[in-house]
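In case you want the letters, here they are:
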Amino acid sequence: MEEDDNPPIAIPMGEVSVEVSKEPDAGAPVGVTVITGYLGAGKSTLVNYILNAQHGKKIAVILNEFGEEVGVERAMINEGQGGALVEEWVELANGCVCCTVKHSLVQALEQLVQRKERLDHILLETTGLADPAPLVSILWLDDQLESAIKLDSIVTVVDAKNLELQISKHADSGSFPETFIQIAFADIVILNKIDLISEEKETTQIENLKRKIHGINSLAVVICTTRCQVDLDKILNRESYSGESNNRWEELMEESKLLPSSSRHDSGVSTLSIHQPFPVDLDKVNGWLEDLLWEKRYSMDIYRCKGVLNVHSSDRIHTIQAVREVYEVVPGREWHEAEERINKLVFIGRDLDLKSLEDSFRGCLTIT
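Residues numbered from 1 in each chain as written. Predicted model: local features only at pLDDT ≥ 70, side-chain atom pairs only at ≥ 80, totals over all residues. Heavy atoms only, no water.

**Student:** I'd love a proper account of the overall build of the protein chain, names of residues and values included.
**Tutor:** When helices and strands are tallied, the protein chain shows nine helices and 15 strands. When burial is assessed residue by residue, the protein chain has 53% of its 368 residues classed as buried. Partitioning the contacts of the protein chain with sequence separation of at least 6, the portion at a separation of at least 24 is 78%. (Helix = DSSP H or I, 4+ residues; strand = E, 2+ residues; numbered from the N terminus. Buried < 20%, exposed > 50% of the residue type's maximum accessible area, 1.4 Å probe, protein only. Contact = heavy atoms within 4.5 Å.)

This is how it looks when you write it as structure tokens:
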């Protein structure tokens, strides 16, 4: 039986010591980490690990059911009068709380943040949802929630033993595996079950899998695990959607290289980056993003975009963050005096066209 065939359960897993060093500001929004992954990859194992680890943190876990009824933790759901959903939050021994929700995610989150006890973090484990983009837009920019919570990161769990098969099996059929989408949207990819790879092939095979993951999403941080036992510092409080993570973005984009067409997957999913040294007009950038993301003017299916902008007449780095049609451009820290002011944008998606991206972006420059 695969690891994710059973829902997360609150049972003792032995003495597990996990340190999470970052202490959240008492008045700051609570971070939300979305956990995705193919059936059997180990999502539930990761949730169980966090629910039972002695990390000293009060973490809420929402098991969000999408699609068909799969019977996850039915004992935690009660139907109220008229069929209204009543969430029952179950307190666990290590201070975490857990529930399932099948209807209003916003309602469940509102109930969480209204609890008397201050939460350190919220985990949202998705079931039956291939594309996390609709969830991201709710968590990232929802007016009802933005002052109380913030989207922290998307973590995708993949199965090291079966990932290559999952990536390649649909190439000839022309269908599109959900594994691609989940990796494309991820900030962090947990490459789980590395213990199932034979020792003589382990190093070579793991490096090959990392290359395949970065071929889909060059910005993702890959963490190798056995039974999803991971240092929580590496997956919580990552601030992937915060302007404060500028330095990390710049490091990742410096490492990001343009993939030649021969290395792209048959599905057309890839990462492309564009670099321009001249200042840009912010209004023109907004219009350009709307053409790309809303109007689909260049027939590209863009999943994510991250970048930094050199905005005309501004001493601050501006950051771009986009998920599907939802985007945000915000000012960050000031440029350092010796720092090269440059525009760096990374796109992840299907059927990306470098020439169209570069040519259209030139229209945003104040110097042509």
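**Student:** Describe the pattern of salt bridges, listing the residues and the values that go with them.
**Tutor:** What the rule picks out here adds up to 13 salt bridges. Of the charged contacts in the structure, one is a salt bridge between D159 and K193, with a shortest N-O distance of 3.6 Å. A residue pair is termed long-range when its members are at least 10 positions apart, and D159 in strand β8 (residues 149-159) and K193 in the loop between β9 (188-192) and α6 (202-216) qualify at 34 residues. Comparing D159 with K193, the two get one shared label, buried. Among the ionic pairs, K212 bridges to E164, the shortest N-O distance being 4.0 Å. Taken together, the residues span a long stretch of sequence, with K212 in helix α6 and E164 in helix α4 (residues 163-168) at a distance of 48 residues. (Salt bridge = Lys/Arg side-chain N within 4 Å of Asp/Glu carboxyl O.)

**Student:** Hey, could you go over the packing of aromatic side chains for me, with residue numbers and the actual values?
**Tutor:** The description of two aromatic rings rests on the distance between their centres and on the angle between their planes. Under the defined criterion, the tally for this structure stands at four aromatic pairs. Centre to centre, the rings of F185 and Y303 are 5.3 Å apart; their planes meet at 25°, and the pair counts as stacked. Of this pair, F185 sits in helix α5 (residues 178-185) while Y303 sits in strand β12 (residues 301-310), and the two are 118 residues apart along the sequence. Given a relative accessible area of 0%, F185 falls into the buried group. Here Y303 falls in the buried class, since its relative accessible area comes to 2%. Among the aromatic side chains, those forming a connected cluster through ring pairs are W288, F347 and F361. (Phe/Tyr/Trp six-rings, centres within 6.5 Å; stacked < 30°, edge-to-face > 60°.)

**Student:** So what's going on with helix α8 (residues 282-293)? Which residues, and what values?
**Tutor:** Over its 12 residues, α8 extends 16 Å from the first C-alpha to the last, a length consistent with the 16 Å expected when each residue adds 1.5 Å. Among the residues of α8, those classed as buried are V285, W288, L289, D291, L292 and L293. On the buried face of α8, the contacting elements are β11 (269-276), β12, β13 (316-323), β14 (326-334), β15 (343-350) and α9 (354-362). Here α8 starts with a cap whose side-chain oxygen sits 2.9 Å from the backbone nitrogen of D283, and that cap is D281. (Expected span 1.5 Å × (residues − 1). Polar contact = N/O pair within 3.5 Å; in protein donor to acceptor, adjacent residues only side chain to side chain.)

**Student:** Tell me about the confidence of the model for the protein chain, and name the residues and values.
**Tutor:** Summary statistics for the protein chain give a mean pLDDT of 76 and a share of 69% for residues scoring 70 or more. Confidence drops under pLDDT 50 across residues 7-22; counting only partners more than four residues distant or on other chains, this segment forms 39 contacts. When the criterion is pLDDT under 50, residues 66-87 qualifies, and its contacts beyond four places in sequence or with other chains add up to 50 contacts. (pLDDT = per-residue confidence, 0-100.)

**Student:** Pulling in residues and values, what's your account of the nonpolar core?
**Tutor:** Inside soluble globular proteins, nonpolar side chains tend to come together where they are buried. I122 and L191 are the most contacted members of the largest nonpolar core, which totals 45 residues. Each residue touching L191, except ones within four places of it in the same chain, is listed here: V158, A160, L163, I206, L209, I213, V222, I223, C224 and T225. I274, V280, V285 and M300 belong to the second largest nonpolar core, which has 24 residues in total. (Core = buried A, V, L, I, M, F, W, Y, C linked by side-chain atoms within 4.5 Å.)

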